[in-house]
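Residue-level structural notes
What follows is each chain in one-letter form.
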Amino acid sequence: MSEDKVGIVIVSHSPEVARGTADMVRQMVGDEVPLAWCGGDPDGGLGTSVETILGAIDQAWTNAGVAILVDLGGAETNSEMAVEMQPDERRGRIAICNAPIVEGAVIAATEASGGAPLEVVRRTAEELSPA
Amino acid sequence: MLEDGESRRRLIETVAQAVIDHAEELTALDQAIGDGDHGVNMKRGAEAVLADLDSLAEKSLPEALKSIGMALVMKVGGASGPLYGTFFMTLGKSLPETPATADTLAAFEEALEAVMARGKSHPGQKTMLDVLAPALETLKAEPKASPGLCAAVAEAAKATIPMRAERGRASFLGERSIGHMDPGARSSALMIDTVSKALEASAK
């Protein structure tokens with residue numbers, strides 16, 4: 001499984017922002033990176049939900065791990081909660097990136113598409129320039 | 001009071017109902033300094049807890065608390081879901097089935113620390129911690145449900161009004177967050193007040 005690429009998860013309060021960000025990633029980076037997005041609270045309003053974040057992590061999961069891009073406070077707190085609820089063998093292979101959601105997702109996916117390991121994907125997203 | 005399932009059921013129901021009854025007040029507070037969804041979010045969590053009441057009543061106290069925490073994590077949304085969820089789950093993990101006073105205080109302290117870690121926050125930043133921390137101090141001095149505890153949490157929630165928010169959405173407002181009660185502080189005070197009064201009433 002050494003060819004696995006880091007998956008990208010996009011978590012926004014708004015499903016439209018999350019989907020739009022994912023569209024940009026797909027158009028700019030292509031289909032070779034596993035990508036999942038989620039947004040909206042459990043009733044479909046603006047917000048984030050641990051349940052849907054767990055689903056998105058599953059969807060984008062690879063053995064290389066997953067990088068999560070978030071927008072505002074609750075998205076980060078809910079993502080941290082979702083990471084803690086992962087099985088032990090996964091927990092250390094998920095990084096929540098401290099980066100702007102759109103730019104961070106595109107840069108992280110670009111880096112991941114080249115086969116970079118999770119730590120490099122995260123660092124590049126946080127510095128917003130290719131390694 | 002919490003030794004039998006029926007009384008645990010009544011307490012859970014009373015607290016969840018209090019949250020639902022105050023949803024509009026919590027939302028109004030959150031509209032002033034947050035994103036205006038605290039009441040709706042907490043109501044959704046309380047309704048999820050009520051929907052699970054039968055199975056919660058069959059569980060031991062620690063297991064029921066863990067389930068309540070998980071329901072809040074999954075259903076509340078916003079940052080308050082993981083924060084309150086963490087509080088209740090940690091209480092459940094820390095409490096033995098029939099807790100002595102010291103166990104309760106220790107569990108409360110662990111739960112408070114877990115919420116601080118989850119929110120990367122500490123008391124004084126205009127959050128729910130500004131009620132939970134003084135509540136623990138009051139309980140350490142007088143470890144039981146009492147009018148003193150209710151007064152202390154009401155006072156603590158009020159004391160968040162002149163604070164400047166340093167965490168959460170309200171922190172974006174900077175100076176403009178001053179002059180409003182923190183919605184999380186209010187919901188914490190509401191729940192502690194309700195629990196305290198229910199325990200007091202049942203002890204009579």
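It should be emphasised that the depicted structure is a prediction, and the values quoted were computed from it without experimental measurement. (Residues numbered from 1 in each chain as written. Chains lettered and ligands numbered in written order. Predicted model: local features only at pLDDT ≥ 70, side-chain atom pairs only at ≥ 80, totals over all residues. Heavy atoms only, no water.)

Some details on helix H6 (residues 80-94) of chain B
Residues spaced three or four apart along an α-helix face the same direction, because each turn holds 3.6 residues. With 15 residues, H6 of chain B should cover 21 Å at 1.5 Å per step; its first-to-last C-alpha distance of 21 Å lies within 8% of that length. Across the 15 residues of H6 of chain B, 13 count as buried, placing the element largely inside the fold. (Helix = DSSP H or I, 4+ residues; strand = E, 2+ residues; numbered from the N terminus. Expected span 1.5 Å × (residues − 1). Buried < 20%, exposed > 50% of the residue type's maximum accessible area, 1.4 Å probe, protein only.)

Here's the deal with the sheet that holds strand S3 (residues 66-70) of chain A
Think of a sheet as strands paired side by side through backbone hydrogen bonds, with each pair either parallel or antiparallel. Residue and element names in this part refer to chain A. The sheet built from four strands is open, its strands ordered S2-S1-S3-S4 with parallel pairing. Only two strands of the sheet have a single partner each, and these edge strands are strand S2 (35-39) and strand S4 (94-97). Averaged over all pairs of adjacent strands, the angle between their axes in this sheet comes to 20°, without regard to strand direction. Across five bridges, strand S1 (residues 7-12) lies against S3 in parallel orientation. Among the inter-strand pairings, Val9 is bridged to a residue of S3, identified as Ile68. Taken strand by strand, helix H5 (residues 101-113) contacts S1 and S3, and its axis lies near 170° from that of S1. Helix H6 (residues 118-127) rests against S1, S3 and S4 of the sheet, and its axis sits at about 5° to S4. (Pairing = 2+ DSSP bridges. Axes fitted to C-alpha atoms, helices over the stretch in contact; angles between N-to-C directions. Contact = heavy atoms within 4.5 Å.)

What to know about the interface of chain B and chain A
Between chain B and chain A, the contact holds 17 residues from the first and 18 residues from the second. Buried surface at the junction of chain B and chain A, summed over both partners, amounts to about 1,400 Å²; 55% is from carbon and sulfur atoms. For chain B, the biggest contributors to the area lost against chain A are Arg44, Met74 and Arg118 of chain B; these three give 39% of the whole. Where chain B meets chain A, there are six salt bridges. Across the pair Glu84 of chain A and Arg118 of chain B runs a salt bridge whose closest N-O atoms are separated by 2.9 Å. The interface formed by chain B and chain A holds four residue pairs in polar contact (both at pLDDT 80 or more) in total. At the level of elements, helix H3 (38-51), helix H5 (61-75) and H6 of chain B are the ones that each hand at least two residues to the side of chain B that touches chain A. Ranked by residues supplied to the side of chain B that touches chain A, first place goes to H5 of chain B with four residues. (Buried area = accessible area lost by both parts, 1.4 Å probe. Salt bridge = Lys/Arg side-chain N within 4 Å of Asp/Glu carboxyl O. Polar contact = N/O pair within 3.5 Å; in protein donor to acceptor, adjacent residues only side chain to side chain.)

Considering the packing of aromatic side chains
Overall, the coordinates contain two aromatic pairs over all chains when judged by the stated rule. With a centroid separation of 5.8 Å and 90° between ring planes, the pair formed by Phe87 of chain B and Phe88 of chain B is classed as edge-to-face. You'll find Phe87 of chain B and Phe88 of chain B in the same group, each marked buried. Ring centres of Phe87 of chain B and Phe108 of chain B lie 5.5 Å apart, and the angle between their planes is 80°; this geometry places the pair in the edge-to-face category. On the criterion of sequence distance, the pair formed by Phe87 of chain B in helix H6 and Phe108 of chain B in helix H7 (residues 101-119) is long-range, its members being 21 residues apart. Exposure remark for Phe87 of chain B: the relative accessible area of 8% places this residue in the buried category. Counting every residue linked through ring pairs, the aromatic cluster contains Phe87, Phe88 and Phe108 of chain B. If you follow Arg90 of chain A out to its NZ or CZ, it ends over the ring of Trp61 of chain A, 4.4 Å from the centre. (Phe/Tyr/Trp six-rings, centres within 6.5 Å; stacked < 30°, edge-to-face > 60°. Lys NZ or Arg CZ within 6 Å of the ring centre and 35° of its normal.)

So, the packing of helix H2 (residues 50-60) of chain A against H5 of chain B
At their nearest, the axes of H2 of chain A and H5 of chain B sit 6 Å apart, and the two run at 75° to each other. Between H2 of chain A and H5 of chain B, the angle is such that the two are roughly perpendicular. Residue-level inspection shows Val50, Glu51 and Leu54 of chain A of H2 of chain A in contact with H5 of chain B, the latter providing Val73, Met74 and Lys75 of chain B. Here the residues of the contact of H2 of chain A with H5 of chain B sort into four nonpolar, no polar and two charged. (Parallel < 35°, antiparallel > 145°, perpendicular 65-115°, else oblique. Nonpolar A, V, L, I, M, F, W, Y, C, P; charged D, E, K, R; others polar.)

What to know about the nonpolar core
Judged by nonpolar contacts, the single largest core of 50 residues is most densely connected at Phe87, Phe88 and Val131 of chain B. Ignoring any residue separated from it by four or fewer positions in sequence, one finds Phe88 of chain B in contact with Leu65, Lys66, Ile68, Gly69, Leu72 and Met191 of chain B. Counting 24 residues, the second largest nonpolar core, distinct from the first, contains Val6, Ala67, Ala105 and Val106 of chain A. (Core = buried A, V, L, I, M, F, W, Y, C linked by side-chain atoms within 4.5 Å.)

Examining the packing of helix H1 (residues 15-29) of chain A against H5 of chain A
Residues and elements named next belong to chain A. Running from N to C, H1 and H5 cross one another at 35°; their axes reach a closest spacing of 9 Å. Between H1 and H5 lies a crossing whose hand is right-handed. In this structure, H1 uses Thr21, Met24, Val25, Met28 and Val29 to contact H5, whose residues at the interface are Ile101, Val102, Ala105, Val106, Ala109, Thr110 and Ser113. Of the residues that constitute the contact of H1 with H5, the class distribution is nine nonpolar, three polar and no charged. (Left-handed = near helix turned anticlockwise from the far one by under 90°.)

Some words on the side chain of Ser14 of chain A
Residues and elements named next belong to chain A. Tracing the chain through its elements places Ser14 in the loop between S1 and H1. Taking relative accessible area as the criterion, Ser14 reaches 12% and is therefore assigned buried. Polar side-chain contacts of Ser14 include one of 3.2 Å to the backbone nitrogen of Glu16. Not counting residues up to four positions away in its chain, the partners in contact with Ser14 are Gly39, Leu46 and Asp71.

Re the pattern of salt bridges
Tallied over the entire structure, the rule returns 22 salt bridges over all chains. Two residues, Lys140 of chain B and Glu137 of chain B, come together in a salt bridge whose shortest N-O distance is 3.8 Å. In this pair, Lys140 of chain B and Glu137 of chain B both sit in helix H8 (residues 129-141), three residues apart, roughly one turn of the helix. Look at Glu137 of chain B and you get partly exposed, because its relative accessible area is 47%. Taken together, the salt bridges that share partners define one network made up of Asp41 and Asp43 of chain A together with Arg44 of chain B.

Take it as geometry only, folks, not as evidence of what the structure does.
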